[in-house]
Amino acid sequence: MNRITIVGTGFAALTAIQTLRQQRKLACEITVVSSKPEFIYYPGLIWIPCRLRSGDDLRIDLTRFFERMQVKHVAAEAIGLSADGRILKTTVGEIKNDALVIASGGRFIKKLPGIEHAITPCEGIESAEAIRDRLRIMEGGHIAMGFASNPNEPSSMRGGPIFEFLFGLDTQLRQEHRREQFHLTFFTPAERPGNRLGPKAVNGLLAEMKRRDIATHLGHKLKSFSPRAVTTEGGEFDADLIIFMPGMTGNAWFDNTQLPRSPGGLLQADAQCRVPGFERVYVAGDAGSFPGPDWMPKQAHMADLQARTAARNLAAEFAGREPTETFKVELICIVDTNDSGMLVVRNEKYNFVLPSMRVFHLLKRFFEWLYLRKFR
């Protein structure tokens, strides 16, 4: 029986498992390697500061899901590869495979001087809770929120959640009747923040910031953070709380492999999600660098599309067929504000933006319920 090892338990990994099990003619043993048999629903982190969600709402125990999918979970961390990918080295020993799917996500670049003074919200539940707890004790002051990209691979970034944390925090403070006590500043080295969402979306985001009286500091390279300020090449501004999303690179364990890397340190992938030069080694999600337009997003929906492609191509290989399936490049995003949301859709044929409405906030919450019910 074919042995398939999957690294990770994020969106791409779970979609790969489900897609493999849907291939009726594929008989395989699936082993998943991650530190815990759990899934964190990262899109819901934006609602932790305002208490619409708690950590327990977003932390899903995968034990029963793995049982249903006949998956063996190994509680370990990947540390390297050997035998041209046929052996995954982990913290608990070596795992042999006939195929490998790497879906272990990306890693934030933490090299900016003083970055220890900033909270990176998408690092996990603890980070979102840290924002919640800081807001609770603050009586006022300056809050700075921003993002940057990987300088060697500008597309390797995740800026969308920062807009949601920004607008959500503004909504929260207004609902708490505390907004006038705070000064909010949005910052990024980009002159047109959110450009991968499309020109109309950028205009809409900037207009929303102006409407909410959120200051902007755009187009200046970041130099450093301190406990009370953000410093860029364009000057310095006050910040009693810094919420910052750095650019992304590949996992540290990639350094202990011979897998080809992109300029930004991610795993190089082709249009079929294969890692070139390695037989039956695939990558999906934030861990990979894929061919496509410069606006191709690092988001859960894109990870799902890539994972389905990887799993179907892998099944084709085991059946003796050429893996020819490619993934659709598509961005679907609801920029949530805690009580409403702006819908952005972009693919290679069209790009449209629908203005912020209550129904999109409710739709985002419904999608969360629909997505998570498969794993509960």
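If you're wondering where the values come from, they're calculated on a predicted model, not measured in any experiment. Each residue is numbered by its place in its chain's sequence as written, counting from 1. Reporting in this predicted model follows two pLDDT cut-offs: at least 70 for local features of residues, and 80 or more for side-chain atom pairs to be given and counted; totals over whole chains, interfaces and linings ignore these cut-offs and use all residues. Based on all heavy atoms of the structure, the side-chain values leave hydrogens and waters out of the count.

Q: It is not clear to me how the overall build of the protein should be interpreted in this structure. Could you clarify?
A: Secondary structure elements are defined from DSSP: runs of H or I of at least 4 residues count as helices, runs of E of at least 2 residues count as strands, and each element is numbered from the N terminus. Counting secondary structure elements, the protein contains 8 helices and 25 strands. A simple rule labels every residue: compare its accessible area, found with a 1.4 Å probe on the protein chains alone, to the largest value its type can have, and call it buried under 20%, exposed over 50%, or partly exposed in between. Taken over 376 residues, the protein has a buried fraction of 56%. Long-range contacts, defined here as pairs at least 24 residues apart, represent 66% of the contacts in the protein between residues at least 6 apart. When the accessible surface of the protein is split by element, carbon and sulfur atoms take 49% of a total near 16,600 Å². Contacts: residue pairs with any heavy atoms within 4.5 Å of one another. Residue-level accessible areas treat just the shown protein chains as cover; the underlying method is Shrake-Rupley with a 1.4 Å probe.

Q: Looking at this structure, how should I read the domain arrangement of the protein?
A: Quoted interface sizes are often the accessible area lost when the parts come together. Its domain assignment divides the protein into domain 1 (2–106 + 250–319) and domain 2 (110–247). In this document the domain limits rely on a domain assignment from an automatic tool or a database. For domain 1 versus domain 2, the distance between C-alpha centres works out to 29 Å. The partner domain 2 presents 24 residues to the 22 residues of domain 1 that form the contact. Whenever Lys or Arg places a side-chain nitrogen within 4 Å of a carboxyl oxygen from Asp or Glu, that contact is recorded as a salt bridge. If you look at where domain 1 meets domain 2, you find 1 salt bridge. As a salt-bridge pair, arginine 158 and aspartate 286 come within 1.9 Å of each other at their nearest N and O atoms. Two N or O atoms count as a polar contact when they lie within 3.5 Å, although within protein this holds only if one can serve as hydrogen donor and the other as acceptor, and sequence-adjacent residues are included solely when both atoms are side-chain atoms. On inspection of domain 1 and its partner domain 2, the count reaches 8 residue pairs in polar contact (both at pLDDT 80 or more). When the residues that make up the side of domain 1 that touches domain 2 are grouped by side-chain class, the tally is 12 nonpolar, 5 polar and 5 charged. When residues are grouped by polarity, Ala, Val, Leu, Ile, Met, Phe, Trp, Tyr, Cys and Pro land in nonpolar, Asp, Glu, Lys and Arg in charged, and all others, Gly among them, in polar.

Q: What exactly am I supposed to notice about the nonpolar core here?
A: Proteins that are soluble and globular tend to have nonpolar side chains buried together. Think of a nonpolar core as a cluster: buried Ala, Val, Leu, Ile, Met, Phe, Trp, Tyr and Cys residues, connected wherever their side-chain atoms sit within 4.5 Å. Counting residues in each nonpolar core, the largest one holds 105 residues, and the members touching the most others are Ile4, Ile6, Ile17, Phe39, Ile102 and Ile143. It is helix 7 (residues 300–318) that contributes the most residues to this core, 8 residues altogether. If you count residues domain by domain, this core takes at least three from each of domain 1 (2–106 + 250–319) and domain 2 (110–247). Beyond its immediate sequence surroundings of up to four residues, isoleucine 143 is in contact with Leu135, Met138, Leu169, Phe182, His183, Leu184, Thr185 and Leu241. If you look at the next biggest cluster of nonpolar residues, it comprises 13 residues, including Leu112, Ala148, Ile242 and Phe244.

Q: I tried to follow the packing of helix 1 (residues 11–21) against helix 7 on my own but got confused; where do I start?
A: The relative placement of two packed helices is expressed as an angle between their axes plus a distance between the axes. Direction vectors running N to C along helix 1 and helix 7 enclose 35°, while the axes themselves pass 8 Å from each other. Crossing hand, helix 1 versus helix 7: right-handed. Where helix 1 abuts helix 7, its residues Phe11, Ala12, Thr15, Ala16, Thr19 and Leu20 lie against Ala300, Ala303, Asp304, Ala307, Arg308, Ala311, Arg312 and Leu314. To get an axis, fit a line to the C-alpha atoms, keeping to the stretch in contact for a helix; angles then go from 0 to 180 degrees between the N-to-C directions. Crossing handedness is defined as follows: a turn of the near helix away from the far one that is anticlockwise and smaller than a right angle gives a left-handed crossing, while the clockwise case is right-handed.

Q: How should I be thinking about a nonpolar patch on the surface in this particular structure?
A: Patch membership is restricted to residues that have no salt bridge and whose relative accessible area is over 30%. Joining uses 9 Å for like charges and 5 Å for the nonpolar side chains Val, Leu, Ile, Met, Phe, Trp and Tyr. The grouping of Tyr350, Phe352, Leu354, Met357 and Val359 at the surface amounts to a nonpolar patch, some 420 Å² of accessible area in total. The element that contributes the greatest number of residues to the nonpolar patch is strand 25 (residues 351–357), accounting for 3 residues. Relative to the elements of secondary structure, valine 359 occurs in helix 8 (residues 358–372). Valine 359 gets classed as partly exposed once you look at its relative accessible area, which sits at 47%.

Q: Got a minute to help me understand the UniProt feature "domain: FAD/NAD(P)-binding" (unreviewed entry) in the protein in this structure?
A: UniProt positions are given in the numbering used here, feature names are shortened, and annotations may be inferred rather than shown by experiment. Feature annotation in UniProt places "domain: FAD/NAD(P)-binding" (unreviewed entry) on residues 3–303, given in this structure's numbering. Split by type, residues 3–303 is 22% helix and 30% strand. Its first and last C-alpha atoms lie 22 Å apart.

Q: Looking at this structure, how should I read the environment of asparagine 347?
A: By the secondary structure assignment, asparagine 347 is in strand 24 (residues 341–347). Residues asparagine 347 and lysine 298, spaced 49 residues apart in sequence, show a C-alpha to C-alpha distance of 14 Å. Once residues lying within four places of it in the same chain are set aside, the contact partners of asparagine 347 are Trp295, Lys328, Val329 and Glu330. Reaching out from asparagine 347, the side chain makes a polar contact with the backbone nitrogen of lysine 349 at a distance of 2.8 Å. Looking at asparagine 347, its side chain comes within polar contact range of the main-chain nitrogen of tyrosine 350, at 2.9 Å.

Q: For this particular structure, what's the right way to read the pattern of salt bridges?
A: Oppositely charged side chains may form a pair once their charged atoms are brought near each other. Counted under the stated rule, the structure contains 21 salt bridges. For the salt bridge of aspartate 170 with arginine 179, the shortest nitrogen-to-oxygen distance reads 2.5 Å. For arginine 228, the salt bridge identified is with aspartate 240, shortest N-O distance 3.8 Å. Of the two residues, arginine 228 sits in the loop between strand 15 (222–226) and strand 16 (229–232) while aspartate 240 sits in the loop between strand 17 (235–238) and strand 18 (241–245), which places them 12 residues apart along the sequence. A single network of salt bridges, built from pairs that share partners, joins Asp170, Arg174, Arg179, Glu208, Arg211 and Arg212.

Q: I keep staring at the pairing of strand 2 (residues 28–34) and nothing clicks. Help me out?
A: Within a regular beta strand, the side chains point alternately toward one face of the sheet and then the other, so they alternate between its two faces. Counting buried positions along strand 2 gives 6 out of 7 residues, so the element sits mostly inside the fold. Here the rule is simple: two strands pair whenever DSSP picks up at least two bridges between them. Relative to strand 2, strand 1 (residues 2–7) is paired through 6 bridges, and the arrangement is parallel. Within the sheet, the bridge partner assigned to arginine 3 lies in strand 2 and is glutamate 29. When the strands point away from the viewer and the path from the first strand over the helix to the second turns clockwise, the crossover is right-handed. Once you follow strand 1 into helix 1 and on to strand 2, the crossover reads as right-handed. Two elements, strand 2 and strand 5 (residues 71–75), share 5 bridges in a ladder whose sense is parallel. Bridging from a neighbouring strand, isoleucine 30 pairs with valine 71 of strand 5.

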